[in-house]
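# Working through the structure, step by step
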Amino acid sequence: MTQTVDMIGHDSPSLVGRADFTLEMIRNLLVVAEATGEGRPITVEFRSFGIWALTPEGHRLFVGHVERTHPDTAEPPQPAT
């Protein structure tokens, strides 16, 4: 899937974060969303030791492991062609 944004006349938005989600991680997020209830948001936290879903009540569920990369060495996204 490719998504492009029309940025003519605007500065390119800066990359502030990136995460790779496996199917299992998406399923974990779905479990939290379903348990939280329709229309209620969940917060996704990116921490040095993993990705966590946080409910409005403050409950956390481990979504998955992350590998740390230094921001200066992370490869920026390439524009869609």
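Reference entry: report on the structure contained in this document.

## Re the environment of Phe21
Considering the arrangement of structural elements, one finds Phe21 in the segment before helix H1 (23-36). With relative accessibility at 34%, the residue Phe21 sits in the partly exposed group.

## Considerations on the packing of aromatic side chains
Inspection of every chain in the model, using the stated rule, returns 2 aromatic pairs. Here the aromatic rings of Phe49 and Trp52 are separated by 6.0 Å at their centres, their planes lie at 75°, and the arrangement is edge-to-face. Measuring from ring centre to ring centre gives 5.2 Å for Trp52 and Phe62, while their planes differ by 70°; the resulting arrangement is edge-to-face. Of this pair, Trp52 sits in strand E2 (residues 50-54) while Phe62 is found in strand E3 (residues 60-64), placing the two residues 10 residues apart along the sequence. Taken together, Phe49, Trp52 and Phe62 form an aromatic cluster joined through their ring pairs.

## Observations concerning the sheet that holds E2
For sheets, the rule is that strands pair by backbone hydrogen bonds, running either parallel or antiparallel. Spatial ordering of the open sheet is given by E1-E2-E3, a layout of 3 strands whose pairing is antiparallel. Looking at strand neighbours, the two that pair on one side only are strand E1 (43-47) and E3, the edges of this open sheet. Going across the sheet, the axis of each strand differs from the next one's by a mean of 30°, ignoring polarity. Bridge analysis of E1 against E2 gives 5 bridges, and the strand direction is antiparallel. In the sheet register, Phe46 faces E2, and the bridge partner there is Ile51. Its contacts with the sheet put H1 on E1, E2 and E3, and the angle it makes with E3 is roughly 160°.

Calculation criteria
Residues numbered from 1 in each chain as written. Predicted model: local features only at pLDDT ≥ 70, side-chain atom pairs only at ≥ 80, totals over all residues. Heavy atoms only, no water. Helix = DSSP H or I, 4+ residues; strand = E, 2+ residues; numbered from the N terminus. Buried < 20%, exposed > 50% of the residue type's maximum accessible area, 1.4 Å probe, protein only. Phe/Tyr/Trp six-rings, centres within 6.5 Å; stacked < 30°, edge-to-face > 60°. Pairing = 2+ DSSP bridges. Axes fitted to C-alpha atoms, helices over the stretch in contact; angles between N-to-C directions. Contact = heavy atoms within 4.5 Å.

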